[in-house]
Amino acid sequence: MNKIESSFLNKNQFGNDFLWGVSTAAFQIEGAHDADGKGSSIWDVFTSQKGKIKNGHHAITACDFYNCYQDDINLIKELNIPNFRFSISWPRIMPTGVHPINQAGIDYYNKIIDSLLASGIEPWITLYHWDLPHELEIKGGWTNRESVSWFKEYVEVCVQFFGDRVKNWMVINEPSVFTGAGYFLGIHAPGKKGITNYLKAIHHVTLATSTGAKIIRERVPDAHIGTTFSCTHIEPATESVKDVEASKRVDTLLNRTFIEPILGLGYPQKDLPVLKKLNNYILEDDLNNLVFDFDFIGLQCYTREVVKHSILTPYIGAELISAEKRNVISTEMGWEVYPPAMYHILKKFNEYDGIKKIIITENGAAFPDTVQNGKVHDIKRTHFIQDNLEQILKAKQEGLNVEGYFVWSLTDNFEWAEGYNARFGLIHVDFETQKRTIKNSGLWFKDFLS
């Protein structure tokens, strides 16, 4: 390891119980889009539409994890990573979204779980990482209140077949992203737009989160249950009253809208008045039913955003000033490299009373990588991870609650609307040949965890 890639960090500084892992998602890695009885998801449909994904990329094969899972699990073991987060593809086990189940899908995930356990790796399941069955989208998807019942049925199946061996569960991944991008802006699947679709999806997804968690608690009493939220450190562009107020509204939307109802605080309507329109969809007892006492909350923090007041943006009256416009160092996603965001987010979420445990369930960076002589020198990614871990350690040393860190991601994969352009992996994938090459960041992490 060159000197420049070493660091003062030491795993032991974080304590013996600190959880180390790596995260993935079914649609981004599995491929096998219609194999063995799998139904279509909203992302299968969205990626087949012209102009939706950069360079016309699709995930028909992706990383072929469906067939290569054993090789990739061997790599997780080789990297000394003790915890593996992956998601279940809802249409792989329930092709229409509801009964009947597809036994081949159940068998596939059982093989993954058994292989992980045989390798001494703890499985962490995400129940919903964005791949809603297309058959349910035809009925309105998350804009239909029935989605809560569909999700409940799906969770019951997962718990029935996997709950005997899997103890760590995450209910829903990053609700603010898939509702905002998928049901308001239309830039992610299913490509819907408009405030009505968005508000309905917000409420039904939040109801589904607590409903799913209650099913796990009931059926697997000793389960360790969490759910994950994307969070972004927000700063005003100037100290002007208008910019400060705009930044507060953006912070409310991105960081508070989904977690506060689950903690029993209701939706933050005072600080983001457009959320008052949710009252059209909130039925009697809904606010009580949104509450669940999670064992942990997963936070997924990548960057900060700088916000200015804008009369041109409806509902929120704010505009993000891009990293490019601010002339700061950024990743392939156009996200500013700003490690202190991690510390600020931990500090912010530590102010809530109801959170028992915080785990960073995603953090990582996309940079352009090339394989040279069988090696990938991704020094920017190594530094990104080290710098974020330093911020987590700082928070921990100040007594803030943070008890784990999962890197996004194990391998380069299908990065949603970015296709294969944005590489986040600790392991490089040649998508033509499926050849895996552990990057220097992966070797550093392996060394760190040993």
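Residues numbered from 1 in each chain as written. Predicted model: local features only at pLDDT ≥ 70, side-chain atom pairs only at ≥ 80, totals over all residues. Heavy atoms only, no water.

Caption draft 1: Structural view of the overall build of the chain. Counting secondary structure elements, the chain contains 16 helices and eleven strands. The C-alpha radius of gyration of the chain comes to 21 Å, within 12% of the 22 Å expected for a compact globule of 450 residues. Its C-alpha atoms put the chain at 60 × 55 × 45 Å along the principal axes. For the chain, buried positions account for 61% of its 450 residues. Within the chain, contacts between residues separated by at least 24 positions form 76% of all contacts whose residues are at least 6 apart in sequence. With the model as given, the accessible surface of the chain reaches about 17600 Å², and the carbon-plus-sulfur share is 49%. Of the charged side chains in the chain, 46 are positive and 55 negative; the average position of the first set lies 3 Å away from that of the second. (Helix = DSSP H or I, 4+ residues; strand = E, 2+ residues; numbered from the N terminus. Rg over C-alpha atoms; globule rule 2.2 N^0.38 Å. Buried < 20%, exposed > 50% of the residue type's maximum accessible area, 1.4 Å probe, protein only. Contact = heavy atoms within 4.5 Å. Areas by Shrake-Rupley, 256 points an atom, 1.4 Å probe, with all protein chains shown as cover. Lys, Arg positive; Asp, Glu negative; His and termini not counted. Charge placed at Lys NZ, Arg CZ, Asp CG, Glu CD.)

Caption draft 2: Local environment of helix α16 (residues 440–449). Extensive coverage of α16 is indicated by the burial of seven of its ten residues. Of the residues making up α16, those classed as buried are N440, S441, G442, W444, F445, F448 and L449. Considering only its buried residues, α16 is in contact with β1 (19–23), α15 (379–397), β9 (404–408) and β11 (435–438).

Caption draft 3: A look at the pairing of strand β5 (residues 224–236). With respect to burial, β5 is a largely interior element, eleven of its 13 residues being buried. Pairing of strand β4 (residues 168–173) with β5 involves four bridges; the strand directions are parallel. Residue pairing for β5: M170 is matched across the bridge by G226. In the sheet, β5 pairs with strand β6 (residues 296–309) via ten bridges, with the strands oriented parallel. Among the inter-strand pairings, T227 is bridged to a residue of β6, identified as I297. (Pairing = 2+ DSSP bridges.)

Caption draft 4: Highlighting the pattern of salt bridges. Going through the model one piece at a time under the given rule, you end up with 28 salt bridges. The partner of E218 in a salt bridge is R219, with the nearest N and O atoms 3.2 Å apart. A relative accessible area of 42% places R219 in the partly exposed class. Salt-bridge contacts for D369 lead to R381; the nearest nitrogen and oxygen are separated by 3.0 Å. Of this pair, D369 sits in the loop between β8 (358–362) and α15 while R381 sits in helix α15, and the two are twelve residues apart along the sequence. Residue D369 shares its accessibility class with R381, and that shared class is buried. A single salt-bridge network, built from bridges that share partners, covers D369, D378, R381, D412, R423 and K439. (Salt bridge = Lys/Arg side-chain N within 4 Å of Asp/Glu carboxyl O.)

Caption draft 5: The arrangement of the nonpolar core in detail. Residues W142 and F151 are the most contacted members of the largest nonpolar core, which totals 132 residues. Excluding residues that lie within four positions of it along the chain, F151 makes contacts with W90, L127, Y128, W142, V171, I172, A208 and G212. (Core = buried A, V, L, I, M, F, W, Y, C linked by side-chain atoms within 4.5 Å.)

Caption draft 6: Quick peek at the layout of surface pockets. Considered as a void within the structure, the second largest pocket measures approximately 220 Å³ in volume. In terms of residue class, the lining of the second largest pocket is built from five nonpolar, five polar and five charged. (1 Å grid on protein atoms, 1.4 Å probe; cavity = no way out; pocket = protein on both sides within 12 Å on 5 of 7 lines; lining within 4 Å. Points joined across faces, edges and corners; volume = space filled by probe spheres on them. Nonpolar A, V, L, I, M, F, W, Y, C, P; charged D, E, K, R; others polar.)

Caption draft 7: Summary view of the UniProt feature "binding site: substrate" (unreviewed entry) in the chain. In the numbering adopted here, UniProt assigns the feature "binding site: substrate" (unreviewed entry) to Q28, H129, N173, Y302, W408, E415 and W416. Counting through the fold element by element, W408 comes out in strand β9. You can see E415 is positioned in the loop between β9 and β10 (427–430). Ignoring any residue separated from it by four or fewer positions in sequence, one finds E415 in contact with Q28, M333, W408, A422 and F424. (UniProt positions renumbered as here; feature names shortened; annotations may be inferred.)

Caption draft 8: Focus on the UniProt feature "active site" (unreviewed entry) in the chain. According to UniProt, the positions carrying the feature "active site" (unreviewed entry) are E174 and E362. Spatial clustering of the annotated residues is evident: they stretch over 189 residues in sequence, but the largest pairwise C-alpha distance comes to 10.3 Å. Mapped onto the fold, E174 is located in the loop between β4 and α8 (175–184). Not counting the four nearest positions on each side in its chain, E174 is found in contact with W130, T228, F229, S230, Q300, Y302 and E362. By the secondary structure assignment, E362 is in strand β8. Contacts of E362, omitting those with residues within four sequence positions, involve S23, R85, H129, N173, E174, L299, Q300, C301, Y302, F406 and W408.

Caption draft 9: How the structure looks around the pairing of strand β2 (residues 83–87). Summarising burial for β2: five of the five residues are buried, a large majority. Judged by which residues are buried, β2 turns out to be covered on both faces: N83, R85 and S87 on one side and F84 and F86 on the other are all buried. Sheet analysis places β1 next to β2, joined by three bridges and oriented parallel. Paired with G21 across the strands is N83, a residue of β2. Pairing of β2 with strand β3 (residues 122–128), which is carried by five bridges, proceeds in the parallel orientation. Its bridge partner being in β3, F86 is matched across the sheet by I125.

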